[in-house]
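Examination of the molecular architecture
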Number of protein chains: 2
Amino acid sequence: MRERLHPEEIQADGAGFLPSLAIDTVIFGFHEGQLKILLLEYKNTNWLALPGGFVRETENLNDAARRVLAERTSLQGIYLEQFYTFGDLDRYDPTPLRAIMSAHGLNYSDHHWLLRRFVSVGYYALVDFTKAVPVPDLLADRCDWYDLANLPPLMQDHQKIVQKALDTLRIELDRKLIGFNLLSETFTMADLQRLYETILGQKLHRSGFQRKMLSLEILERLDKQYSGGAHKAPYLYRFAFDKKPE
Amino acid sequence: MRERLHPEEIQADGAGFLPSLAIDTVIFGFHEGQLKILLLEYKNTNWLALPGGFVRETENLNDAARRVLAERTSLQGIYLEQFYTFGDLDRYDPTPLRAIMSAHGLNYSDHHWLLRRFVSVGYYALVDFTKAVPVPDLLADRCDWYDLANLPPLMQDHQKIVQKALDTLRIELDRKLIGFNLLSETFTMADLQRLYETILGQKLHRSGFQRKMLSLEILERLDKQYSGGAHKAPYLYRFAFDKKPE
DNA sequence: TATTATTGTCACAATTTGTTACAATAATAA
DNA sequence: TTATTATTGTAACAAATTGTGACAATAATA
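Residues numbered from 1 in each chain as written. Chains lettered and ligands numbered in written order. Predicted model: local features only at pLDDT ≥ 70, side-chain atom pairs only at ≥ 80, totals over all residues. Heavy atoms only, no water.

1. A closer look at the overall build of chain A
Keep this limit in mind: Helix and strand definitions follow DSSP, with helices as H or I runs of at least four residues and strands as E runs of at least two, each counted in order from the N terminus. The rule is simple: take the accessible area with a 1.4 Å probe, protein chains only, and divide by the maximum for that residue type; under 20% is buried, over 50% is exposed, in between is partly exposed. By definition, residues are in contact when any of their heavy atoms lie within 4.5 Å. Here the accessible surface of atoms and residues is derived via Shrake-Rupley with a 1.4 Å probe, and residues count as covered only by protein chains that are part of the display.
Along its length, chain A carries 6 helices and 10 strands. With the C-alpha coordinates aligned to their principal axes, the bounding extent of chain A is approximately 65 × 35 × 35 Å. The 246 residues of chain A split such that 50% are buried. When contacts within chain A are restricted to residue pairs at least 6 apart in sequence, long-range pairs at least 24 apart make up 72% of them. When the accessible surface of chain A is summed, it comes to about 12700 Å², and 49% of that surface belongs to carbon and sulfur atoms.

2. Details of the protein's contact with DNA strand D
Under the convention used in this document: We call a residue near a molecule or strand when any one of its heavy atoms sits within 4 Å of it. Nitrogen and oxygen atoms within 3.5 Å of one another constitute a polar contact, given that in protein one can donate a hydrogen and the other can accept it, and given that sequence-neighbouring residues count only through two side-chain atoms.
With respect to spatial proximity, 24 residues lie near DNA strand D, and among them A:His205, A:Ser207, A:His231, B:Ser207 and B:Tyr235 are the closest. Expressed as a percentage, the sugar and phosphate content of the atoms of DNA strand D within 4 Å of the protein is 51%. For DNA strand D, a base oxygen lies 2.8 Å from a polar atom in the side chain of A:Ser207. Residue assignment for the surface near DNA strand D shows that the elements contributing at least two residues are helix H6 (206–215) of chain A together with helix H6 (206–215) of chain B.

3. Description of the interface of chain B and chain A
Definition in use: Summed over both partners, the accessible area (1.4 Å probe) lost when two parts come together is defined as the buried area. A pair is scored as a salt bridge if a Lys or Arg side-chain nitrogen falls within 4 Å of a carboxyl oxygen belonging to Asp or Glu.
Chain B puts 23 residues into the contact, and the matching count from chain A is 23 residues. Around 1900 Å² of area is buried between chain B and chain A when both sides are counted, 53% of it from carbon and sulfur atoms. Taken together, the links from chain B to chain A amount to 0 salt bridges. Taken together, the links from chain B to chain A amount to 13 residue pairs in polar contact (both at pLDDT 80 or more). Those elements giving two or more residues to the side of chain B that touches chain A turn out to be strand S1 (17–31), strand S4 (52–56), helix H2 (61–73), strand S5 (79–86) and strand S6 (119–126) of chain B. A per-element tally of the side of chain B that touches chain A places S1(B) first, with 4 residues.

4. Concerning unusual backbone geometry
All names here are of chain B. Even without glycine at this site, glutamine 156 takes up a positive phi of about 45°. Relative to the assigned elements, glutamine 156 resides in the loop between strand S7 (140–147) and helix H4 (158–172). On the accessibility criterion, glutamine 156 (39% relative accessible area) is partly exposed. Phi angles above zero are rare outside glycine, and glutamate 217 is one such case at about 60°.

5. A closer look at the domain arrangement of chain A
All names here are of chain A. Basically, it comes down to this: In this document the domain limits rely on a domain assignment from an automatic tool or a database.
According to the domain assignment, chain A consists of domain 1 (8–172) and domain 2 (185–239). Of the residues lining the interface, 7 residues belong to domain 1; the matching set on domain 2 comes to 7 residues. Taken over both partners, the interface formed by domain 1 and domain 2 buries close to 560 Å², and the fraction arising from carbon and sulfur atoms is 68%. At the junction of domain 1 and domain 2, the tally comes to 0 salt bridges. Along the contact surface separating domain 1 from domain 2 lie 1 residue pair in polar contact (both at pLDDT 80 or more). Secondary structure elements with two or more residues in the side of domain 1 that touches domain 2: strand S2 (34–42) and helix H4 (158–172).

6. A word on the sheet that holds strand S10 (residues 235–239) of chain A
All names here are of chain A. The line we're drawing: By definition, two strands form a pair when at least two bridges between them are found by DSSP.
Strands sit in the order S8-S10-S9 across an open sheet of 3 strands; the sheet is antiparallel. Looking at strand neighbours, the two that pair on one side only are strand S8 (186–187) and strand S9 (219–225), the edges of this open sheet. Across 4 bridges, S9 lies against S10 in antiparallel orientation. Bridge pairing in S10 places glutamine 225 opposite tyrosine 235.

7. Here's the deal with the side chain of A:Glu197
Within the secondary structure, A:Glu197 is located in helix H5 (residues 189–200). Residue classification places A:Glu197 among the buried positions, given a relative accessible area of 13%.

8. Digging into the protein's contact with DNA strand C
Around DNA strand C there are 24 residues in total, and A:Ser207, A:Tyr235, B:His205, B:Arg211 and B:His231 lie nearest to it. Among all atoms of DNA strand C positioned within 4 Å of the protein, those belonging to sugar or phosphate total 51%. Here B:His231 contributes a backbone N or O atom positioned 2.6 Å from a sugar or linking oxygen of DNA strand C. For the surface near DNA strand C, the secondary structure elements donating two or more residues are H6 of chain A together with H6 of chain B. For the surface near DNA strand C, the element with the highest residue contribution is H6(B), accounting for 5 residues.

9. Focus on the environment of A:Ile178
Residue and element names in this part refer to chain A. One can find isoleucine 178 in the loop between H4 and S8. C-alpha separation for the pair isoleucine 178 and leucine 50, spaced 128 residues apart in sequence, amounts to 20 Å. Filtering out sequence-adjacent residues up to four positions away, isoleucine 178 remains in contact with Tyr79, Tyr124, Leu126, Leu169, Glu172, Leu173 and Ile199.

10. Considering the relation of the copies chain B and chain A
Note the cut-off: In this comparison the copies share one frame, found by least squares on the C-alpha atoms of residues holding pLDDT of at least 70 in both.
The two copies are related by a screw operation: chain B maps onto chain A through 180° of rotation and 0.0 Å of translation along the axis, at an RMSD of 0.0 Å. As the rotation angle and translation indicate, the two copies are arranged about a two-fold axis. Within chain B, the C-alpha atom positioned nearest to the axis of rotation is that of B:Pro19, 3.2 Å from it. Here 100% of the interface residues in chain B have copies in chain A that are interface residues too; the copies meet face to matching face.

11. A look at the sheet that holds strand S9 (residues 219–225) of chain B
Residues and elements named next belong to chain B. The strand order across the open sheet formed by 3 strands is S8-S10-S9, and the pairing between neighbours is antiparallel. The strands lining the two open edges of the sheet, one partner per strand, are strand S8 (186–187) and S9. Examined bridge by bridge, S8 and strand S10 (residues 235–239) share 2 bridges and lie antiparallel to one another. In the strand pairing of S10, threonine 186 is matched with arginine 238.

12. Considering the side chain of B:Thr188
Residue and element names in this part refer to chain B. For threonine 188, the location among the structural elements is in the loop between S8 and helix H5 (189–200). Residue classification places threonine 188 among the buried positions, given a relative accessible area of 7%. Beyond its immediate sequence surroundings of up to four residues, threonine 188 is in contact with Pro234, Tyr235, Leu236 and Tyr237.

13. Side note on the packing of H5(B) against H6(B)
Residue and element names in this part refer to chain B. The test is simple: A fitted line through C-alpha atoms represents every axis, and for helices the fit uses only the stretch in contact; the resulting angles, taken between N-to-C directions, go from 0 to 180 degrees. An angle below 35 degrees is treated as roughly parallel, one above 145 as roughly antiparallel, one from 65 to 115 as roughly perpendicular, and anything else as oblique. Asp, Glu, Lys and Arg are counted as charged, while Ala, Val, Leu, Ile, Met, Phe, Trp, Tyr, Cys and Pro are counted as nonpolar; the rest, among them Gly, fall into the polar class.
With their axes 11 Å apart at the nearest point, H5 and H6 run at an angle of 100° to one another. As summarised for this structure, H5 and H6 are arranged roughly perpendicular, according to the angle between their axes. Here Met189, Leu192, Gln193 and Tyr196 of H5 lie close against H6, whose contacting residues are Arg206, Phe209, Gln210, Met213 and Leu214. Per-class residue counts for the contact of H5 with H6 are 6 nonpolar, 2 polar and 1 charged.

Structural data, given as structure tokens:
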């Protein structure tokens, strides 16, 4: 169970965290043929933002990202990759954050640590949509899935971060274990193909796709079969971690 | 001409720079069949380190990397890519740096900003070995090329950073304009092949390699030919920036 | 029991990659 | 001057991979 933080903790001057450095996570899910990401909605504003956080002084950078991911999804052991570090000056605009904090009744000077410039390390995570339980952070009142294909405007440079995450996802799709981590434990070949098509934004040939996936030798075919359609029942597959480690 | 910094500047408490954040650059060159990287050797110690630096408060992260690269090589407009951000706790070991500063007659408490924990953004650069003019930084007395195949021990986690840079280089070799940026303005197909073989650590077939490179349509064949060997003179090629932008 | 949609797999074509072969040629040796 | 040598540019063919369509199998529905 996650422990809710209290606004007082924001008032501390960043003690215990590395200054200047933040983490932003693009948390991908897949549901009903749509790629989705988790976004936070801030109280009394229209601002939407990527789940983020800061790095504790006694914490590895990658562990901080895992912590942020776990706090927002209630999930452990999720596929997580660092993909880029964003450090442009023009990403530093305290206006939205000041508005959000103001909506919480918090008014700080521009020297407050949260209103200073941050360099942000971007991570993307791949989660089973059906397993994640979105949890807002202490400044947000909602944490929900949004269709990647129809994103609302995001805070700061978060749109750019999402785009870069998606670019990375496409490039690494056939080099890493990306597809399988977005589906449930078992899935059909058609499920997998729909996912690949959605990520790549293009149709793939069914026959060649099946041949390619099976040739990777990381899929375990299960005896039992899905049923429910007016047609031949497809095999179910499970991703076999042990068969071909990355 | 680069302006030499004075040790007094180190004594300032990091004012003007983002705290906690550093940059390390793996600067690759290629000469006589060997991949090389630039290393700094610190005065009165045996420590070798990657060229690095810090990010000014009014400077883009990527610009800071470009600045570090320009300061060490005297070159502008070089191929430079961010590849990973290193933030493990165990990379923070002030012992070597304290020894180096002590060798300069500088003795600081553990609270000095240079002795605190840093998260470091890694960049790799590809430079024309014959054009770079290595320049030491203010704590080093030498800046020289070292064979990647025969590296001496490096400071902190710099060995790991180099390895990750090389891994990235290999993965991106046929996806980005990597090879061409390590050679002189003009080169033969054999030059290019030797470079690819060195980066990948394996032999390639001459015929297939030539066919592949020409099919990329980013090489411009020059009329004039190299001469000097007891055999047919090879064409010279030039990388054509405009033909197929990335 | 026939119809329908989808599945698993095969077969063949098209393309790409791996490999060998061979003529061309610039320097050197005879 | 001519033969030798090493390397180059390219063609030719083989092997492997990928693209594409076809077809029988089959689970629900009509």
